[in-house]
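Here is what each chain is made of, one letter per residue.
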Amino acid sequence: AKYSIVDQDTCIACGACSETAPDIFDHNDSGFSFVKLDDNQGTAEIPDDLEYDLEDACDGCPTESIKVADTPFKKDSVEA
Ligand code: SF4
């Protein structure tokens, strides 16, 4: 299983990830991206059929703000 979270401290609101993987990422009113499956908590398992999109979005993020891990992320942290 994969888990993901956006580090909003480094996200530059470019919009690439929500375009590449609209089923995983959305952006807030300020343009900053978040994982829409769990309101960017990093605790929701990414569905298997979206893992390719996740990888694509992660590779395409210019600031490496999309964190991916095999275990859920810790509360209020971008560390798994
Ligand atoms: Fe932010 Fe990266 Fe998504 Fe661009 S691709 S909106 S920098 S998380």
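Here the structure is a predicted model, which means the values were calculated and not measured.

## Side note on the overall build of the chain
Moving on, step 1. Scanning the chain from N- to C-terminus turns up two helices and four strands.
Moving on, step 2. Order of helices (α) and strands (β) in the chain, N terminus to C terminus: β-α-β-β-α-β.
Moving on, step 3. Radius of gyration (C-alpha) of the chain: 11 Å, near the 12 Å computed for a compact globule of 80 residues.
Moving on, step 4. When the backbone C-alpha atoms are referred to their principal axes, the chain occupies close to 25 × 25 × 20 Å.
Moving on, step 5. Here the chain holds 80 residues, and the buried ones make up 35% of them.
Moving on, step 6. Contacts in the chain between residues far apart in sequence, at least 24 positions, make up 61% of those at least 6 positions apart.

## Here we look at the pairing of strand E1 (residues 3–6)
Moving on, step 1. Burial along E1 is two-sided: Tyr3 and Ile5 facing one way and Ser4 and Val6 facing the other are all buried.
Moving on, step 2. In the sheet, E1 pairs with strand E4 (residues 66–69) via four bridges, with the strands oriented antiparallel. Note that in E4 the partner of Val6 across the bridge is Ile66.

## Some remarks on the site of the ligand
Moving on, step 1. Taken together, 14 residues surround the ligand, and among them Cys11, Cys14, Gly15, Cys17 and Cys61 come closest.
Moving on, step 2. In terms of residue class, the shell around the ligand is made up of ten nonpolar, four polar and no charged.

## Quick look at the side chain of Asp38
Moving on, step 1. Positionally, Asp38 belongs in the loop between strand E3 (33–35) and helix H2 (51–60).
Moving on, step 2. Here the side chain of Asp38 touches Asn40 through a polar contact of 3.1 Å, landing on its backbone nitrogen.
Moving on, step 3. Polar contacts involving the side chain of Asp38 include one to the main-chain amide nitrogen of Ala44, which spans 2.8 Å.
Moving on, step 4. If sequence neighbours within four positions are ignored, Asp38 has contacts with Thr43 and Ala44.

## Re a negative patch on the surface
Moving on, step 1. Residues Asp23, Glu45, Asp48 and Asp49 make up a contiguous surface patch of negative charge.
Moving on, step 2. Tracing the sequence through the fold places Asp23 in the loop between helix H1 (16–20) and strand E2 (25–27).

Criteria and cut-off values
Residues numbered from 1 in each chain as written. Predicted model: local features only at pLDDT ≥ 70, side-chain atom pairs only at ≥ 80, totals over all residues. Heavy atoms only, no water. Helix = DSSP H or I, 4+ residues; strand = E, 2+ residues; numbered from the N terminus. Rg over C-alpha atoms; globule rule 2.2 N^0.38 Å. Buried < 20%, exposed > 50% of the residue type's maximum accessible area, 1.4 Å probe, protein only. Contact = heavy atoms within 4.5 Å. Pairing = 2+ DSSP bridges. Near = heavy atom within 4 Å. Nonpolar A, V, L, I, M, F, W, Y, C, P; charged D, E, K, R; others polar. Polar contact = N/O pair within 3.5 Å; in protein donor to acceptor, adjacent residues only side chain to side chain. Patch = residues over 30% accessible without salt bridge, like charges linked within 9 Å, V, L, I, M, F, W, Y side chains within 5 Å. Areas by Shrake-Rupley, 256 points an atom, 1.4 Å probe, with all protein chains shown as cover. Salt bridge = Lys/Arg side-chain N within 4 Å of Asp/Glu carboxyl O. Lys, Arg positive; Asp, Glu negative; His and termini not counted. Charge placed at Lys NZ, Arg CZ, Asp CG, Glu CD.

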